[in-house]
Every structure is written in C-alpha cells, then in structure tokens.
Amino acid sequence: MTTLELKDTEIFDLIKQEEYRQKNKIRLIASENYVSRAVMEATGSVLTNKYSEGYPGKRYYEGQQFIDQVENVAIQRAKDLFGADHVNVQPYSGSPANLAVYLAFINPGDTILGMALPHGGHLTHGAKVSISGKYFNAESYSLDKETGLLNYDTILNKALACRPKILIAGHSAYPRILDFARFREIADACGALLMVDMAHFAGLVAGGAHPSPVPYADVITTTTHKSLRGPRGAMILCKQEYAQAIDKAVFPGLQGGPHNNTTAAIAVALKEASTDAFKLYAAQIVKNAKALAATLVSKGFNLVTGGTDNHLMLIDLTNKGVTGKIAAKALDAAGIVLNYNAVPYDTRKPFDPSGIRLGSAAVTSRGFQEEQMVQTGEWINAIISDPGNTALQAEVSAAVEKLCASFPAPGLEHLV
Ligand SMILES: *Cc1c(COP(=O)(O)O)cnc(C)c1O
C-alpha cells in the first residue's frame, strides 16, 4: 500500500480511477499529453517545500543552495533547446505568462492585436471575458472565410488601422504552420512588439517539426505541458534587451515564489525534448495527425483548412447534422476523448458549437502510429454517424480499451 492509500483513501481512489481512464482511453484533446515517470517524480518531489522568491543568486530567503542550481539548469536547457537569449521558467502557467508579458510592456488601455477567440486564438489574447480583454483595448484578426486560413494581408491592414503595441501570433486551434517572417514584417510595419504564444506547438518546435519563432519574435510564451510533454507550467523566452523587463514582470510584478518542483520537472522535460527520440516523436505527431485527417476527410468530414500541418485538427460537423457537444459526448462514451469547439464563423453558441477539436500529441506519446490513427478515424466516423447508438458506443469502447492495452502510456506502465 502507498502512504496516500493509507492516509486518504478517497483521493487515492479517485487518482487510481483517473490513471485507468488515461490508460484505457484514446485521448485526443489537443492540449493534453502524458508526461514521463521522471517528470512525474520531479513534480512530486520535496522541492515543493521550498520558498524561493527572486532569481538564482538574488533570493529573498536563505537555503537556496540546490534550488538555484535547479533553476539554472532549467534555464540553460531551455536556452540551448530553443536557441533563446533569455528564458524565465517561473510563470505558473500559460495564462500568467501572457499576463506577465503585457505587464512588462504595456499599460491598461493600450492596444493589443491577436487572433480572435472563435477563430482559434486563446482567451488571454484579448477575449472580452478575460483580463486581457478587460484591461487592454483588445483588437482581433480573423481567419479567411473561404479557406479557414490566416490571411496576412488582412492582418497587416488591421494592424495598420489599430496600431497595436503588441501583435500576438499563436493559437489553440489553428491546424497550420505560422509564417513568423510575415508576422515580423507586420509588427515592424505598425511599430508593435511581436509576441508569439507557442503553447500548443512548442514540442513541435523543440523537435524540429514546426518552424521556430525564436529568430523573429521579441517575446515568446509557452506552456510546458502540451506538446512539449512537461509538467503544468510555462516559460517566457525573449531577446536579451527584454530580459530585465520580463523578469521584473513575472516577479515581483505578478507572482510570488516559483513552484520549484515544477521548475525541476521542466528541466527534466527539456532534457527529454533535446534527444533524437524526441525529434522522432515530434515528426510522428505530425504524421499521425495527417493520417487521422486523411481518414476523416475520406469519410466526408469537413476539416477546417482541409487538413493539418501540425498536431491538431478542427472539424466542422454541420454537414453531418450533429453538434460538437453531441459528438464529443458520444465519443467519450465510446472511449475517445476530445472537446467540442467553435469553428470560424460559427453560428452556434460557444457552449454548444458546431465543431470538435482533435490532437495527436498524447496518443503519439503512447506509441500510436498511422495504422492506429486510421483505426481511430474509422471509430470516430462510426460513432458520429449514429450518435445515439449506445450499444455501438459500448462495443467501440471495449475495442479501444483492447487497442490501448498494446500501447502502454508513459507514466502508467505500472498498471496492468
Ligand atoms: C493553453 C494555452 C494557454 C494557457 O495555458 P494555461 O496553462 O491553461 O493557463 C495560453 N495560450 C495558448 C495559445 C494556449 O493554447
């Protein structure tokens, strides 16, 4: 028995059930992944007991002999992996990382320009319900109505019209590669700082499967827990000239003590992401997404932009006569977990939109290849074609569990 099992059966049981859920389901939520056991061990270490406000060598409390080294290792690994001048590894998560960038460079009422939320932007890029949309004058750019693609001329015109202080590139639901050189030109044309939020595709950048924003962006934010396969946390990468502004904004501007256990786990994840195995992983994420996309297109599904170049797909289900929510719930019952999602120019409400979003990062971590993605696509088609068929859902769920048994998920190898 573990200590947790003895001390708190209620929480122990719930964690166990979640372990089995993650083991037995095909997890296609585009922002999720499986971390390695090594990352998990660092996250669950005694580093959680230590307070370390400040930065290595400049702390407010004593006893930092080992914490300083941990943070310096994490910073150095991030700089080496991404080729960045400066890295801050302390943001608690992606949202506070973005807020720290705004705090560093702009004042309330200043203009920011990002991708519209219903078109794939993130809440923190200026959505009205978010602090980023309440404290700043948030303008947005949309995807092309015909193609579902970014139209850089439209972004340029919008930027010249509203003159943002920060231009934001990055997304949570755009299935194509971003042209950072074009974003740089647009930022220069309107005198804006270029911020790239690579939260979703940081693992692809690390593994060489997506162009790097580092040569183009002034500041880059990223979560560490999505395709990068680290603990829940974030980093800010920037040019040397902005290092001090970023560090001051994170602490003492926005946060108190860093989560040292997370910092250590980020360091571990960055070491993993620097290997040749991770390059293969990143390439396989894209191959897997393309295999699933091709299967779904062949079944008549309407993929926004017609396919994918990264780890994610966005599907407009309007032609299938099913809402995103009904599809997502039917698939969950069949052991395939994803989220309902608005599609560009969606006429339905965000809580019951027309689409679903799928990602290949987590299943690739457990070893799925093209063959398993094709199979998954066939199951998705069967379930969505008959979303009320609970017998079929039970049948597919059993088949999913059987398939998953052959692909042990990282961190869950101990489960039989
Ligand atoms: C996930 C995400 C975030 C926010 O990360 P949290 O850790 O959930 O706060 C920020 N930006 C983008 C583009 C994201 O996809």
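This is a predicted model, so every value here is computed, not measured.

Basis of the calculations
- Residues numbered from 1 in each chain as written.
- Predicted model: local features only at pLDDT ≥ 70, side-chain atom pairs only at ≥ 80, totals over all residues.
- Heavy atoms only, no water.
- Axes fitted to C-alpha atoms, helices over the stretch in contact; angles between N-to-C directions.
- Helix = DSSP H or I, 4+ residues; strand = E, 2+ residues; numbered from the N terminus.
- Parallel < 35°, antiparallel > 145°, perpendicular 65-115°, else oblique.
- Left-handed = near helix turned anticlockwise from the far one by under 90°.
- Contact = heavy atoms within 4.5 Å.
- Near = heavy atom within 4 Å.
- Polar contact = N/O pair within 3.5 Å; in protein donor to acceptor, adjacent residues only side chain to side chain.
- Areas by Shrake-Rupley, 256 points an atom, 1.4 Å probe, with all protein chains shown as cover.
- Core = buried A, V, L, I, M, F, W, Y, C linked by side-chain atoms within 4.5 Å.
- Buried < 20%, exposed > 50% of the residue type's maximum accessible area, 1.4 Å probe, protein only.
- Domains from an automatic or database assignment.
- Salt bridge = Lys/Arg side-chain N within 4 Å of Asp/Glu carboxyl O.
- Pairing = 2+ DSSP bridges.
- Right-handed = clockwise from strand over helix to strand, strands pointing away.
- Expected span 1.5 Å × (residues − 1).

Trainee: Explain the packing of helix α13 (residues 324-333) against helix α15 (residues 370-385) to me, using residue names and the numbers behind them.
Mentor: Close contact between α13 and α15 brings their axes to 9 Å; oriented N to C, the two are set at 120 degrees. In terms of orientation, α13 lies oblique with respect to α15. α15 is crossed by α13, and the crossing has right-handed handedness. Between α13 and α15, the residues in contact are Ala327, Ala330 and Leu331 and Ile380, Ile383 and Ile384, respectively.

Trainee: I'd like a rundown of the site of the ligand, residues and numbers included.
Mentor: Close to the ligand lie 13 residues, the nearest being Ser93, Ser95, Ser172, Asp197 and Lys226. The side chain of Ser95 places a nitrogen or oxygen atom 2.6 Å from an oxygen atom of the ligand. Within the contact set of the ligand, an oxygen atom lies 2.7 Å away from a side-chain nitrogen or oxygen of Lys226. Against a free-state accessible area of 380 Å², the protein chains account for coverage of 87% of the ligand. No other element matches helix α5 (residues 94-105), which puts three residues into the shell around the ligand.

Trainee: Pulling in residues and values, what's your account of the nonpolar core?
Mentor: In terms of nonpolar packing, the biggest core is built from 50 residues, with Phe82, Leu150, Leu167 and Met235 touching the most fellow members. Two domains each provide a minimum of three residues to this core, namely domain 1 (40-273) and domain 2 (276-405). Membership of the second largest hydrophobic core comes to 35 residues, among which are Met313, Ile315, Met373 and Trp379.

Trainee: Can you lay out unusual backbone geometry for me, pointing to particular residues and giving the numbers?
Mentor: Excluding glycine, residues mostly have negative phi values, and the peptide bonds linking residues are mostly trans. Of note, the bond from Phe251 into Pro252 is cis; its omega dihedral lies within 30 degrees of zero at 10 degrees. The phi torsion at Arg229 lies on the positive side, around 65 degrees, for a residue other than glycine. Although it is not a glycine, Thr305 adopts a positive phi angle of roughly 70 degrees. Examined against the element boundaries, Thr305 turns out to sit in the loop between β11 (302-303) and β12 (312-316).

Trainee: An account of the pattern of salt bridges is needed here, citing residue identities and associated values.
Mentor: This structure, assessed with the given rule, holds 16 salt bridges. One salt bridge connects Asp218 with Arg184, and the closest N-O pair in it is separated by 3.0 Å. Linking Asp218 in the loop between α9 (202-206) and β9 (219-223) with Arg184 in helix α8 (residues 180-190), this pair joins segments that are 34 residues apart in sequence. Accessibility classification places Asp218 together with Arg184 in one group, the buried group. Between Asp218 and Lys239 there is a salt bridge, with the nearest N and O atoms lying 3.4 Å from each other. You can see Asp218 sitting in the loop between α9 and β9 and its partner Lys239 sitting in the loop between β10 (234-238) and α10 (243-254), a full 21 residues away along the chain. We classify Asp218 as buried; its relative accessible area is 5%. A single network of salt bridges, built from pairs that share partners, joins Arg184, Asp188, Asp218 and Lys239.

Trainee: Can you tell me about the sheet that holds strand β6 (residues 137-141), naming the residues and giving the values?
Mentor: Across a sheet, paired strands are connected by hydrogen bonds in the backbone, their directions being either parallel or antiparallel. Ordered in space as β4-β10-β9-β8-β7-β5-β6, the seven strands form an open sheet in which the pairing is mixed. Taken across any chain shown, the strands that pair with only one partner, and hence form the sheet edges, are β4 (86-88) and β6. The mean inter-strand angle of the sheet, taken between neighbouring strand axes irrespective of direction, is 20 degrees. Of the strands in this sheet, β4, β9 and β10 touch α10, which is tilted by about 5 degrees from β4.

Trainee: An account of the pairing of strand β7 (residues 166-170) is needed here, citing residue identities and associated values.
Mentor: Taken across its five residues, β7 has five buried, putting it largely inside the fold. Burial along β7 is two-sided: the residues Ile166, Ile168 and Gly170 and Leu167 and Ala169 are all buried. Pairing between strand β5 (residues 111-115) and β7: two bridges, direction parallel. In the sheet register, Ile112 faces β7, and the bridge partner there is Ile166. Note: β7 against strand β8 (residues 193-197), five bridges, orientation parallel. Residue pairing in the sheet places Ile168 in a bridge with Met195 of β8. Between β7 and its parallel partner β8, the chain crosses via α8, and the hand of that crossover is right-handed.

Trainee: Hey, could you go over helix α12 (residues 276-298) for me, with residue numbers and the actual values?
Mentor: Taking 1.5 Å of rise per residue, the 23 residues of α12 would be expected to cover 33 Å, and the 33 Å separating its terminal C-alpha atoms lies within 8% of that figure. Gly300 sits one or two positions beyond α12 and adopts a positive phi of about 85 degrees.

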